[in-house]
Amino acid sequence: MKTVLLTGQFFSRVPAGVERFSGFLKKAFPALTVFDFDQLRHPKPFLLGEPLKAKAVAEAFLEKAEELNPDVVFFNGMYGWALPKKTPYLKIALCHGTYASFARFAMPWGLDKIRTSLLYAWFEKKSVANADTIISNSSFTQRILKEDYGLESQVIHLATDFKLFKNADKKKARIELGLPLKKKIVLFVGRPDHFKAFDWVQ
């Protein structure tokens, strides 16, 4: 099966959720052809950055679509909005959250929040609605996709390596990590900034 992925960046110095998901997709489909904005070597667009990056990636793919003749085209979030509605290949949207919820719950008031909640969310909804099949990375994403955009999706969870993640003795783990045995411990996952709710932790 010939597969293609359209995305913003396939890999970053510190890969986040989308990049990790894309990496797992590459493992599942070793012959996956990836089109990402970074490989285009275009200057990063100002103001409407993400929608214009998505358009550039889609155009780069469409130039080679006939030659590649894919069976399936995956795209992350907004990266499918500029694809034709009717295609000879199956279009699968991969959803990792929504810009609408991100703006509403994680962004401070300002122009960036307005841009994200109105423009980015509009292009993202257009993109995901353009898909033949919509995949959410979690039940939470499935719920907010329905609440924010009225779109149904199916969930495919990331696989868990049970050799690495398994139940273990809590007391032994605390001793090995040098943590107090009786105090409550909070694990904060993410960058220590406002977007990751670090202000709540503070």
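Our subject is the structure that appears above.
Everything numeric in this text was worked out from a predicted model, so none of it was measured.

What follows covers the overall build of the protein chain. Along the backbone of the protein chain there are eight helices and six strands. By principal-axis analysis of the C-alpha atoms, the protein chain measures approximately 60 × 40 × 35 Å. Considering the protein chain as a whole, with its 202 residues, one finds that 36% of them fall into the buried category. Contacts in the protein chain between residues at least 24 apart in sequence constitute 59% of all its contacts with a sequence separation of at least 6. As displayed, the protein chain offers around 13400 Å² of accessible surface, 60% of which is attributable to carbon and sulfur atoms.

This next bit is on the pairing of strand β4 (residues 90–95). Remember that side chains alternate between the two faces of the sheet whenever the strand is regular. In terms of burial, β4 is largely enclosed, as five of its six residues are buried. In the sheet, β4 pairs with strand β5 (residues 133–136) via four bridges, with the strands oriented parallel. Paired with Leu-94 across the strands is Ile-135, a residue of β5.

Here we take up the environment of Phe-74. Position of Phe-74 among the secondary structure elements: in strand β3 (residues 72–76). The class of Phe-74 is buried, set by a relative accessible area of 7%. Once the C-alpha coordinates of Phe-74 and Glu-152 are considered, the two residues, 78 residues apart in sequence, prove to be 17 Å apart. Contact partners of Phe-74, with chain neighbours within four places excluded, come to Thr-3, Val-4, Leu-5, Leu-6, Leu-25, Phe-29, Leu-32, Ile-92 and Leu-94.

On to the packing of helix α4 (residues 99–106) against helix α5 (residues 111–129). It is at 8 Å that the axes of α4 and α5 come closest, and there the two elements cross at 165 degrees. The pairing of α4 with α5 is recorded here as roughly antiparallel in orientation. The chirality of how α4 crosses α5 is left-handed. Listed contacts from α5 to Tyr-99, Ala-100, Phe-102, Ala-103 and Arg-104 of α4 are Lys-113, Thr-116, Ser-117, Tyr-120, Ala-121 and Glu-124. Residues that form the contact of α4 with α5 fall into these classes: six nonpolar, two polar and three charged.

In this section: the sheet that holds strand β1 (residues 3–7). Spatial strand order, β2-β1-β3-β4-β5-β6: six strands in an open sheet with parallel pairing. Unpaired on one side and paired on the other, β2 (33–36) and β6 (154–155) mark the two borders of the sheet. The strands that helix α3 (residues 49–68) touches are β1, β2 and β3; relative to β2, the one it contacts most, it runs at about 155 degrees.

Their axes nearest at 9 Å, the elements α4 and helix α6 (residues 139–149) cross at an angle of 90 degrees. Relative to α6, the element α4 is oriented roughly perpendicular. Touching Tyr-99, Ala-100, Ser-101 and Arg-104 of α4 are Ile-144, Asp-148 and Tyr-149, all from α6. Considering only residue class, the contact of α4 with α6 consists of four nonpolar, one polar and two charged.

Right, let's get into the side chain of Ser-153. For Ser-153, the position within the fold is in the loop between α6 and β6. Residue classification places Ser-153 among the buried positions, given a relative accessible area of 12%. Side-chain polar atoms of Ser-153 contact the side chain of Ser-136, separated by 2.7 Å. Beyond its immediate chain neighbours, meaning those up to four positions away, Ser-153 contacts Ile-134, Ser-136, Gln-142 and Leu-145.

Analysis parameters
Sequence order sets the numbering: in each chain, residues are counted from 1 along the sequence as written. In keeping with the predicted nature of the model, local features appear solely for residues at pLDDT of at least 70, side-chain atom pairs appear and are counted solely at 80 or more, and the whole-chain, interface and lining totals rest on all residues. With hydrogens and water stripped out, all remaining heavy atoms of the structure feed into the side-chain values. Put simply, DSSP H or I for four residues or longer makes a helix, DSSP E for two residues or longer makes a strand, and each gets a number counted from the N terminus. Burial classification: accessible surface area is computed with a 1.4 Å probe over protein chains only, and a residue below 20% of its type maximum counts as buried, one above 50% as exposed, and the rest as partly exposed. Whether two residues are in contact is decided by their heavy atoms: any pair within 4.5 Å suffices. Calculation of accessible area relied on Shrake-Rupley with a 1.4 Å probe; when residues are assessed, cover is drawn exclusively from the protein chains displayed. Two strands are said to pair when DSSP picks up at least two bridges between them. Geometry is summarised by axes, namely lines fitted to C-alpha atoms with helices restricted to the contacting stretch, and by angles between N-to-C directions that run from 0 to 180 degrees. With respect to orientation, any angle under 35 degrees is reported as roughly parallel, any angle over 145 as roughly antiparallel, any angle of 65 to 115 as roughly perpendicular, and every other angle as oblique. Less than a right angle of anticlockwise turn of the near helix away from the far helix marks a crossing as left-handed, whereas a clockwise turn marks it as right-handed. Polarity classes work like this: nonpolar for Ala, Val, Leu, Ile, Met, Phe, Trp, Tyr, Cys and Pro, charged for Asp, Glu, Lys and Arg, and polar for all others, with Gly in that last group. Any pair of nitrogen or oxygen atoms within 3.5 Å is treated as a polar contact; in protein, a donor-acceptor pairing is required on top of that, and neighbouring residues in sequence qualify only through side-chain atoms on both sides.

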